[in-house]
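# Close look at the chain arrangement
Residue strings, one per chain:
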Amino acid sequence: MSSVGQPTAGPAKTGSAGAAAVRRAVIVGGNRIPFARSGGAYAKSSNQDMLTAALDGLIARFGLQDERLGEVAAGAVLKHSRDFNLTREAVLGSALSAETPAYDLQQACATGLETVVGLANKIKLGQIESAIAAGVDSASDAPVVVSEGLRAVILDLNRARTIPQRLQILSRLRPKDLAPLAPGTAEPRTGLSMGEHQALTTAQWKISRAAQDELAFNSHRNLAAAYDAGFFDDLVTPYRGLARDGNLRADTSLEKLGTLKPVFGKGLGADATMTAGNSTPLTDGAATVLLASDEWADAHDLPKLAAVVDAEAAAVDFVHGKDGLLMAPVFAVPRLLARQGLTLDDIDFFEIHEAFAATVLSTLAAWEDEEFCRTRLGLPGALGSIDRSRLNVHGSSLAAGHPFAATGGRIVASLAKMLHQKGSTEGRPARGLVSVCAAGGQGVVAILESL
Amino acid sequence: MTDKYTQLVNQGLGRNLAKKLGLPQPAFLRRYQPGQPLITGPVLVQGSTPGADSLASELLTWDLDVRRHAVPRERLGAIILVLDDVVTPEDLAGPVLVVAASLRDLGPGGRVITVSRPASDTADPAAAAARQGVDGFLRSLAKELRRGATGNGVLLAPDVAPTSPSALAAVRFFLSGRSAFVDGQFITVTGTGGDPQDTPDRPLAGRTAVVTGAARGIGAEIARTLHRDGATLVLVDVPAAGDRLAAVANEVRGTALQLDITTPGAGQLIIDHAVQRHGSLDVVIHNAGITRDKLLANMDEAKWNSVININIAAQLRINEALLASEHFRTAPRIVSLASTSGIAGNRGQTNYAASKGGVMGMVRATAPLIAAYGGTINAVAPGFIETDMTARIPVALRELGRRANSLQQGGQPIDVAEAIAFLASGAAGGINGQVLRVCGQNLVGA
């Protein structure tokens with residue numbers, strides 16, 4: 001199903017069996033700015049500022065000045081209404097050619113990964129040769145919204161024609177209408193915050209406090225080690241005085257994490273396990289990934305780190321409590337593996353986004369649960385367990401932070417580099433699995449392969 | 001970015017006041033602008049040797065208004081004094097006194113250039129005296145020149161004619177605004193090499209150049225200058241300076257390589273990046289450097305070692321990788337940043353001066369090694385340059401540093417960058433193992 005007039009040169013086929021003659025989409029590299037804790041180094045930076053900075057770092061790394069790329073896609077979860085064309089505006093402010101088209105995308109925390117998937121598909125189909133997938137979020141510069149009462153009054157005033165009409169409309173205002181609404185992360189249909197939702201799932205899967213703290217500890221330790229080893233030297237460009245992620249605590253310990261008081265699952269009393277230490281903080285940041293066809297990367301003398309093999313999205317009915325809010329990847333991964341004819345054992349690196357330590361652990365527990373996998377996933381038995389030494393080996397969101405839409409780009413660029421460094425293994429390319437859960441009970445997962 | 005004092009004494013009231021009080025009157029220096037003539041006004045070529053004749057006819061092909069005899073009271077752009085065959089000190093009198101008669105006609109931003117041979121290359125005492133005499137003469141004359149005019153010399157090794165490619169390149173550099181802050185200096189042309197086909201406006205076209213420490217200050221200006229001269233750039237700086245590095249890279253359309261040059265294997269990483277992205281590596285500018293000033297009595301191990309490691313040890317390691325690389329074989333160029341501190345010494349900078357002295361030693365010893373591949377290595381030693389670093393010097397000390405040279409002002413980063421771009425050019429291929437000072441003829445040191 002190649003598009004009309006598209007040459008079929010190059011190593012066109014992906015590994016997937018039975019796929020039509022689509023070509024390969026490769027990851028050239030990435031760039032992000034260090035992630036800052038909300039209210040920290042980027043408190044005065046807008047989404048557009050940060051996205052532009054991340055783009056400019058990528059452009060500098062790969063010499064893309066004045067280049068007309070196929071397309072740039074990015075998004076933000078917390079977005080001002082004035083940023084209706086956020087990505088295009090960032091492109092115009094960057095060193096790219098002003099003739100590079102762009103679009104905004106929004107799929108909650110999966111935004112960043114979904115931009116990678118969508119643009120990779122366009123490259124595979126031959127619609128574009130090159131692309132930047134990106135995401136940005138600012139919890140510091142979040143939009144503040146006026147109340148519904150005030151909004152209705154303002155809109156009615158606009159429509160009123162006479163002074164008596166206007167006075168009559170104004171008289172409807174009540175003091176409470178004047179209070180602005182701060183942005184919340186509560187699910188509209190349940191009123192529960194993400195953390196409270198996860199707390200229910202955590203209790204359901206009986207995830208211990210110790211296991212969560214250990215995962216958080218490893219995240220910090222692994223991220224710090226990766227920075228020390230220079231792993232991020234060609235993945236991160238400093239911004240506003242920050243050269244490393246502001247949330248990273250290289251010196252944290254299990255003891256310190258153990259002293260923190262639970263902040264979610266308060267209804268559980270003494271059984272509450274989720275703390276500020278094993279949950280991701282609100283974060284500001286932006287991340288980008290450079291995607292290309294083989295031909296374009298070769299013509300521009302650019303490296304090729306990994307290929308985007310395949311992706312799958314899933315959603316769960318968390319509203320009626322059938323599954324946990326952040327459990328959609330549990331469903332997406334087995335479907336993706338089945339389509340690719342792979343098992344968990346065929347994956348060399350797992351990048352499971354640490355929304356909360358318990359999210360990762362609940363996901364793993366579900367895959368190890370024979371009953372759940374048979375009844376809910378339709379598998380003959382448990383999907384299996386994964387080798388923990390392959391999980392988030394250079395740290396993840398608990399240490400780096402989680403600027404919602406930027407997380408996908410952070411993971412994809414880092415994973416692509418890890419895969420490239422590993423090269424082939426057992427006579428096959430190294431494979432990596434990315435899993436990102438998202439608000440609304442959604443999840444997007446993808447498989448990358450080393451080049 | 002001219003300093004306020006220079007601005008003040010170049011306009012109405014300030015000019016008169018400075019004149020009456022006998023205060024220093026630094027001039028606005030003539031700096032290179034692409035597309036502008038090499039120099040305005042006639043160029044007087046003085047000297048009666050065959051070398052003088054051939055040089056004069058060569059300069060005619062540059063579209064210069066070349067004169068072999070001065071017309072009194074006609075404003076001159078430059079005076080070139082060819083003394084390539086002086087045998088006794090008495091031989092100097094004739095040409096020197098002719099110059100003396102024309103000196104008042106030299107215009108603002110004018111140039112005096114001597115072309116002679118090094119005293120070290122002759123065993124004859126009288127000839128050595130005559131040749132060394134040129135050195136003392138030129139350096140003193142440079143101190144007498146006014147209104148932004150400078151005096152510099154070209155020294156020709158045996159068998160190197162005044163019209164050899166690099167001798168001409170050196171003359172062109174000294175005539176040009178590119179050498180605005182080079183004063184009282186000699187460039188030795190060591191060989192007959194050098195690409196005579198170099199295009200003067202874009203001498204680095206088609207060349208891939210690496211600049212370390214390129215995120216700010218002099219390094220960023222080197223990047224801009226090499227870009228202007230046509231080079232494709234790889235810009236290196238430590239990861240922590242990555243945002244400024246990216247901004248410079250995007251400005252000059254190069255690629256940014258976040259890399260600590262002291263990490264093992266840095267040389268190979270630089271080579272790999274340049275070759276993969278740009279297909280070749282031709283020019284390396286060792287600009288990255290730090291200062292950690294302390295009196296020696298207060299010096300600790302960390303301050304000493306970090307300066308030595310970054311300023312010289314890392315360069316040695318990178319050069320080793322470069323010289324071993326098959327990709328660094330096409331008329332390769334290395335230019336390293338030394339400092340007048342490394343020549344004359346500077347209180348509180350024992351570590352820095354040791355490292356910069358080290359750079360000059362390295363350059364001399366590496367010259368024959370790189371010559372084997374048709375390449376050159378040279379150093380540029382800046383004096384007082386107006387940068388963020390010198391802006392932090394206490395005001396009195398800063399004023400002293402600024403004025404203590406023949407041009408009575410600090411140099412600009414561009415002045416250093418121009419000297420580096422010149423040594424990196426194809427035409428400068430006959431200049432190897434040299435140190436060129438960009439210091440306005442600093443009163444301190446040689």
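Residues numbered from 1 in each chain as written. Chains lettered and ligands numbered in written order. Predicted model: local features only at pLDDT ≥ 70, side-chain atom pairs only at ≥ 80, totals over all residues.

### Digging into the confidence of the model for chain A
Caution is warranted with low-pLDDT regions, since their predicted coordinates should not be read in detail. In this model, chain A carries an average pLDDT of 92, and 95% of its residues clear a pLDDT of 70 or more. Segment residues 1-19 of chain A is flagged for pLDDT under 50; beyond a separation of four residues in sequence, or across chains, it makes 32 contacts in the model. (pLDDT = per-residue confidence, 0-100. Contact = placed C-beta atoms within 7 Å.)

### As for the nonpolar core
Grouped burial of nonpolar side chains is what soluble globular proteins tend to show. Core analysis: the biggest nonpolar cluster contains 264 residues, and L291 and L448 of chain A together with L235 and V380 of chain B have the highest contact counts within it. Excluding residues that lie within four positions of it along the chain, L291 of chain A makes contacts with A25, I27, V28, V116, L119, A120, I123, S130, A131 and A133 of chain A. (Core = buried A, V, L, I, M, F, W, Y, C linked by C-beta atoms within 7 Å. Buried ≥ 20, exposed ≤ 12 C-beta atoms within 10 Å, placed from the backbone.)

### Here we look at the sheet that holds strand β6 (residues 186-189) of chain B
Residues and elements named next belong to chain B. With parallel pairing, the 6 strands of this open sheet are ordered in space as β2-β1-β3-β4-β5-β6. The sheet is open, and its two borders are formed by β2 (66-67) and β6, each paired with just one other strand. The sheet contacts of helix α4 (residues 93-102) involve β1 (43-46) and β3 (76-82), and relative to β3 the element is tilted by about 170°. Across the sheet, helix α6 (residues 165-175) touches β3, β4 (106-116), β5 (150-156) and β6, and the angle it forms with β5 is around 175°. (Pairing = 2+ DSSP bridges. Helix = DSSP H or I, 4+ residues; strand = E, 2+ residues; numbered from the N terminus. Axes fitted to C-alpha atoms, helices over the stretch in contact; angles between N-to-C directions.)

### Some remarks on the interface of chain B and chain A
Of the residues lining the interface, 18 residues belong to chain B; the matching set on chain A comes to 18 residues. Considering every element that reaches the side of chain B that touches chain A, the biggest residue donor is helix α8 (residues 242-252) of chain B, with 6 residues. Split by residue class, the side of chain B that touches chain A holds 7 nonpolar, 8 polar and 3 charged. (Nonpolar A, V, L, I, M, F, W, Y, C, P; charged D, E, K, R; others polar.)

### Some remarks on the packing of helix α3 (residues 111-124) of chain A against helix α14 (residues 407-422) of chain A
Residue and element names in this part refer to chain A. At a closest axis distance of 5 Å, the pairing of α3 and α14 adopts a crossing angle of 60°. In this view, α3 runs oblique relative to α14, as classed from their interaxial angle. Facing α3, whose interface residues are T111, G112, L113 and V116, α14 presents T407, G408, G409 and V412. Of the residues that constitute the contact of α3 with α14, the class distribution is 3 nonpolar, 5 polar and no charged. (Parallel < 35°, antiparallel > 145°, perpendicular 65-115°, else oblique.)

### Some thoughts on the sheet that holds strand β8 (residues 232-237) of chain B
Residues and elements named next belong to chain B. Pairing in this open sheet of 7 strands is parallel, and the strands run β9-β8-β7-β10-β11-β12-β13 from one edge to the other. Both outer strands of the open sheet, β9 (255-258) and β13 (435-438), are each paired with one neighbouring strand and no more. Within the sheet, the average angular offset between the axes of one strand and its neighbour, ignoring direction, is 20°. With 5 bridges connecting them, strand β11 (residues 333-337) and strand β12 (residues 376-382) associate as parallel partners. Residue pairing across strands places R333 opposite T376, the latter belonging to β12. Against the sheet, helix α9 (residues 266-278) touches β7 (208-212), β8 and β9, its axis set at about 150° to β8.

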